[in-house]
Amino acid sequence: MDLQGRVRQLATAGGDLSAMRAGLDRALRLSLAYDVAAISTVDPATMLWTSCFISGMPPGGEDEREKVLYGIEYAGDDINSYTKLANSGRLVGRLHQATGGDLSRARRWGLLLAQLGFTDEMRVMLTSRTMVWGSLTLYRRAPRSPFTDRDEDIVRGALTAMADLFRLAMLRAAIETPSGLERPPGMIVVSPAGEITSVSQAARDWLDVIDDRDRIPSAVRSVAAAAAAGDGLAHAAFPVPEGRWVILHASPLGSALDGRDGGIGIIVEGAQPVTLSEVIAGAYGLTPREREITAFAAQGRSTKQIASALGISPFTVQDHLKAVFAKVGVQSRAELVATLYVRHYEPRRAAGSTPGPYGWYLDDYPAAG
């Protein structure tokens with residue numbers, strides 16, 4: 001079985017985000033060799049980390065290493081930075097290849113990677129349907145050789161499936177913690193015989209949007225059939241009245257431990273734009289336009305790219321950025337991103353808050369002052 005097949009199989013096992021990432025680490029190690037992995041979720045609105053799973057490293061020193069790495073990333077000018085990989089569309093970057101074998105060309109090599117004995121790094125932006133949901137970073141030490149084209153091809157072949165796996169875990173968490181969302185996803189359970197056996201209230205609300213004649217849409221049965229056939233990441237999206245879209249995600253509910261067939265679980269959600277958190281916007285009194293520009297700046301978009309995306313002039317973008325800097329109390333984009341992370345993301349990540357399927361978190365903790 002290839003890596004994509006293993007990832008799809010993981011989707012049928014259930015479990016929370018931590019369990020899924022531990023399973024992904026095991027699946028990856030069956031497909032290619034590496035010594036250390038960092039598997040993170042990100043807020044797609046800003047591409048800032050919301051949680052991180054690390055394997056292959058002894059405990060201790062994590063906080064100091066993270067400060068060094070995050071400090072380099074905030075600047076956004078290092079080779080194969082996460083935002084550059086995402087914005088360029090390359091999505092995968094190997095450090096040995098990008099530096100021509102001279103790893104010292106990368107700032108993080110001298111400040112961090114060399115001290116940890118790493119001899120190569122492969123970064124992967126986990127993207128699905130144009131949204132970045134996580135990052136995967138694999139490291140090798142001697143005597144392993146650098147990552148190869150074949151290694152990269154293996155990871156690329158499962159990139160979208162890994163992103164969908166992360167989001168599936170976050171959607172499942174949102175069903176367990178519906179109070180964290182204004183319009184939470186719902187769950188429909190389909191029996192092994194193909195009959196609807198359970199529909200949550202949130203799912204009923206979405207079904208009313210799909211069809212007001214009290215019928216089960218054919219798309220529900222279609223994704224259920226795909227999941228029953230072994231596709232643990234089966235999904236479908238379709239338009240509904242009022243110009244909205246609804247998305248269905250289906251995966252088997254059988255127990256991986258006892259082999260019982262529990263039918264198919266179908267998560268129903270409404271497609272919605274991912275935006276900068278209300279928590280952050282409210283903390284600084286950002287206007288709707290400033291909120292958009294702050295998110296783009298955090299993603300590493302250039303002034304020209306932001307202007308093009310919003311249909312405004314580069315001069316207007318700069319004016320808005322100056323206003324944002326004044327409200328947040330910073331003087332540059334790097335300081336802005338660092339402040340957003342240190343004040344709003346890091347405390348919640350450290351406290352174990354649960355990443356949400358639309359960016360930000362499901363449960364909240366007080367931010368640092």
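Summary of the structure given here.

Reading guide: rules and limits
- For every chain, the first residue of its written sequence is number 1, and the numbers climb from 1 along that sequence.
- pLDDT decides what is reported in this predicted model: residues at 70 or higher carry local features, side-chain atom pairs at 80 or more are listed and counted, and totals for whole chains, interfaces and linings draw on all residues regardless.
- As a rule here, side-chain values cover all heavy atoms of the structure and leave hydrogens and water aside.
- Strands here are runs of E lasting at least two residues and helices are runs of H or I lasting at least four, both read from the DSSP assignment and numbered beginning at the N terminus.
- Atoms counted for the radius of gyration: C-alpha only. Globule rule: 2.2 Å times the number of residues to the power 0.38.
- Exposure classes here rest on a 1.4 Å probe applied to the protein chains alone. A residue is buried below 20% of its type maximum, exposed above 50%, and partly exposed in between.
- Note on contacts: a residue pair is in contact if any heavy atoms of the two residues lie within 4.5 Å.
- The charge count treats Lys and Arg as positive and Asp and Glu as negative. His and the chain ends do not count.
- A charge is said to be at NZ when it belongs to Lys, at CZ for Arg, at CG for Asp and at CD for Glu.
- One requirement defines pairing of two strands: DSSP has to find at least two bridges between them.
- Helix axes are fitted to C-alpha atoms over the stretch in contact, other axes to C-alpha atoms as well, and angles between N-to-C directions run from 0 to 180 degrees.

### So, the overall build of the chain
Part 1: The number of helices and strands found in the chain is 15 helices and ten strands.
Part 2: Relative to the globule expectation of 21 Å for 369 residues, the C-alpha radius of gyration of the chain, 21 Å, shows essentially globular dimensions.
Part 3: For the chain, the C-alpha atoms occupy an extent of roughly 60 × 50 × 35 Å along the three principal directions.
Part 4: By the burial criterion, 51% of the 369 residues in the chain qualify as buried.
Part 5: Of all intrachain contacts in the chain linking residues separated by at least 6 positions in sequence, the fraction that spans at least 24 positions is 59%.
Part 6: Mean positive and mean negative side-chain charge positions of the chain (39 and 41 charges, respectively) differ by 4 Å.

### Quick notes on the sheet that holds strand E5 (residues 131-141)
Part 1: Strands sit in the order E2-E1-E5-E4-E3 across an open sheet of five strands; the sheet is antiparallel. Each end of this open sheet is capped by a strand with a single partner; those strands are strand E2 (48-55) and strand E3 (92-94). Across the sheet, the mean angle from the axis of one strand to that of its neighbour is 15 degrees, orientation sign disregarded.
Part 2: Pairing analysis gives ten bridges linking strand E4 (residues 118-128) to E5, with the strands arranged antiparallel. Counted as the bridge partner of Val-124 is Leu-136 from E5.

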